[in-house]
Amino acid sequence: MKKINMKEWAAEIIRQKEVTAIPIMTHPGIELTGKTVYDAVSNGEIHFEAIKALCQKYPAKAATVIMDLTVEAECFGSEIVFPEDEVPSVTGRLLKCEADIEALEIPSMKKGRIREYLKANYLAAQHITDRPILAGCIGPYSLAGRLYDMSEIMMLLYLNPEAARLLLRKCTDFIIRYCLALKATGVQGVMMAEPAAGLLSDSDCREFSSIFVKEIIEKVEDEYFTVILHNCGNTGNCTQAMIASGASAYHLGNKIDMVEVLEQMPSDALVMGNLDPVSIFKMSSPETIKQAMLDLLNATRKYPNFILSSGCDIPPQTPFENIDAFYAALNEFNHA
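So, here's what we can say about the structure. Computed from a prediction, not measured in an experiment: that's the story for all the values here.

Assigned secondary structure in the chain consists of 16 helices and 10 strands. In terms of overall dimensions, the chain has C-alpha extents of about 60 × 40 × 35 Å along its principal axes. Relative to its full complement of 336 residues, the chain shows a buried share of 58%. When the accessible area of the chain is evaluated, it comes to approximately 13,400 Å², of which 50% is carbon and sulfur surface. Counting 31 positive and 44 negative side-chain charges, the chain places the averaged centre of each group 5 Å from the other.

So this is what it looks like as structure tokens:
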């Protein structure tokens, strides 16, 4: 296991002239190993083998684990649907009223599949030493929405904000424990997915997401462990709220104007995005990918803190020739 100073790693990315790429990508690795999505999300060793296979094939600046937004909800007791070759999803509503929030207990790190995810991260940290490993976790507001129902939680913010804050308090305490457990595996950071917060106004995002994200960051981040805040739901309505979290790096989805975001972001924070994982990576041709990349790279050329990435997790059955084209086009741009 290699210790990597993530502050120095980020500073070096900003200093260098070449553009760095970190697509959020694990599913193609699952396919490289001949396994199913269900295999990987339920078995830490298979998950690790998928991460390792991608690291052997592609030169991403960091390795990422699957963006699975059901792991934490499952720990609390939510029912999860597991398709064989698609990402899992939460079904039903665990918390049906405000009294359920009061009674909700914060689970241990032994519930559900969380041990398998810790195993995948541990094995990655032990065996992949040429780049940082970025774990994954859900954000507090997105977790609360999965437990209480996404529409209902938005109503609760206005009808009973104190009940909403109590639920967010419990979600935050759990995520802090999970991030500390991930940190203990030896990985160098975590990509915190908070897409549901993108549905909120800037002021509501600050009050019901960013303040809790900021607390998590303050509790878990140091020079060897970084927190990247991912919000693919933000279309520009809550960029300032994201910045208020104080994250070291930000990851944006394909619905936002990256230049507009980069103009607002601190120059010493890494900003990642935002090629559409479905319409560009999965559904388009290599030629279309190259053109989309060149358009984005030329538009963001003057921002040294920009990292080229997918807007979200690259989905299953994405053609390898498209991923190959992504790296070939980046190499061509960097050496033009």
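Don't stop here, the text continues.
Moving on, we come to the packing of aromatic side chains. All chains considered together, the criterion is met by 6 aromatic pairs. Where Tyr 58 meets Tyr 327, the ring centres are 5.2 Å apart and the plane angle is 10 degrees; that geometry is what we call stacked. Of this pair, Tyr 58 sits in the loop between helix H4 (44-57) and strand S2 (63-64) while Tyr 327 sits in helix H16 (residues 320-334), and the two are 269 residues apart along the sequence. Taken as a pair, Tyr 58 and Tyr 327 share a single burial class, namely buried. Here the aromatic rings of Phe 326 and Tyr 327 are separated by 5.0 Å at their centres, their planes lie at 90 degrees, and the arrangement is edge-to-face. As far as burial versus exposure is concerned, Phe 326 and Tyr 327 are alike and both buried. Ring-pair connections join several aromatic residues into one group, and the members of that group are Tyr 58, Phe 281, Phe 326 and Tyr 327. It is Lys 3 that lies over the ring of Tyr 224; its NZ or CZ is 4.1 Å from the centre. Over the aromatic face of Tyr 148 sits the side chain of Arg 93, whose NZ or CZ is 4.5 Å from the ring centroid.

For His 47, the location among the structural elements is in helix H4. Classification of His 47 as buried rests on a relative accessible area of 1%.

Let us look at the state of the cysteines. A covalent bond bridging the sulfur atoms of two cysteines is what the word disulfide describes. Taken as a whole and assessed by the stated rule, the structure comprises 0 disulfides. Between Cys 137, a cysteine without a disulfide, and Cys 179, which holds the nearest cysteine sulfur, the sulfur-to-sulfur distance is 3.8 Å.

Among the 9 residues of helix H8 (residues 140-148), 8 are classified as buried, and the element is accordingly described as predominantly covered. Among the residues trailing H8, Asp 149 stands out with phi positive, at a value near 95 degrees.

On to the sheet that holds strand S8 (residues 249-252). Pairing within the open sheet is parallel, and its 8 strands lie in the order S1-S10-S9-S8-S7-S6-S5-S2. Both outer strands of the open sheet, strand S1 (20-21) and S2, are each paired with one neighbouring strand and no more. Alignment of S8 against strand S9 (residues 270-275), held across 3 bridges, turns out to be parallel. Paired with Ala 249 across the bridge in S9 is Leu 270.

Attention now moves to the environment of Leu 69. Turning to its location among the elements, Leu 69 is positioned in the loop between S2 and helix H5 (71-76). Given the relative accessible area of 16%, Leu 69 is considered buried. Considering only alpha carbons, one finds Leu 69 and Leu 143, 74 residues apart in sequence, at a separation of 8.0 Å.

Looking now at the pattern of salt bridges. Scanning the model with the defined rule gives 15 salt bridges in all. Ionic pairing is found between Arg 131 and Asp 130, a salt bridge with its closest N-O pair at 3.0 Å. Since its relative accessible area comes to 57%, Asp 130 is described here as exposed. For Glu 215, the salt bridge goes to Arg 169, with nearest N and O atoms at 2.7 Å. Taken together, the positions of Glu 215 in helix H11 (residues 202-220) and Arg 169 in helix H10 (residues 161-184) put the pair 46 residues apart, joining distant regions of the chain. Ionic contacts of the salt-bridge type, sharing partners, join the residues Arg 169, Asp 173, Glu 215 and Lys 219 into one network.

On S8, burial covers both faces: Ala 249 and His 251 on one face and Tyr 250 and Leu 252 on the other are all buried. In the sheet, strand S7 (residues 226-231) pairs with S8 via 4 bridges, with the strands oriented parallel. Residue pairing in the sheet places Leu 229 in a bridge with Tyr 250 of S8. Crossover S8 to S9 through helix H13 (residues 258-264) is right-handed.

With that settled, consider H4. Residue pairs three or four apart in sequence face the same way in an α-helix, which turns once every 3.6 residues. Between its first and last C-alpha, H4 extends 20 Å over 14 residues, near the 20 Å set by a 1.5 Å rise per residue. Where H4 is buried, its residues touch helix H2 (27-32), helix H3 (37-42), S2 and helix H7 (114-127). The N-terminus of H4 is capped by Asn 43, whose side-chain oxygen sits 2.9 Å from the backbone nitrogen of Glu 45.

The rules behind the values
- Residues numbered from 1 in each chain as written.
- Predicted model: local features only at pLDDT ≥ 70, side-chain atom pairs only at ≥ 80, totals over all residues.
- Heavy atoms only, no water.
- Helix = DSSP H or I, 4+ residues; strand = E, 2+ residues; numbered from the N terminus.
- Buried < 20%, exposed > 50% of the residue type's maximum accessible area, 1.4 Å probe, protein only.
- Areas by Shrake-Rupley, 256 points an atom, 1.4 Å probe, with all protein chains shown as cover.
- Lys, Arg positive; Asp, Glu negative; His and termini not counted.
- Charge placed at Lys NZ, Arg CZ, Asp CG, Glu CD.
- Phe/Tyr/Trp six-rings, centres within 6.5 Å; stacked < 30°, edge-to-face > 60°.
- Lys NZ or Arg CZ within 6 Å of the ring centre and 35° of its normal.
- Disulfide = S-S within 2.5 Å.
- Pairing = 2+ DSSP bridges.
- Salt bridge = Lys/Arg side-chain N within 4 Å of Asp/Glu carboxyl O.
- Right-handed = clockwise from strand over helix to strand, strands pointing away.
- Expected span 1.5 Å × (residues − 1).
- Contact = heavy atoms within 4.5 Å.
- Polar contact = N/O pair within 3.5 Å; in protein donor to acceptor, adjacent residues only side chain to side chain.

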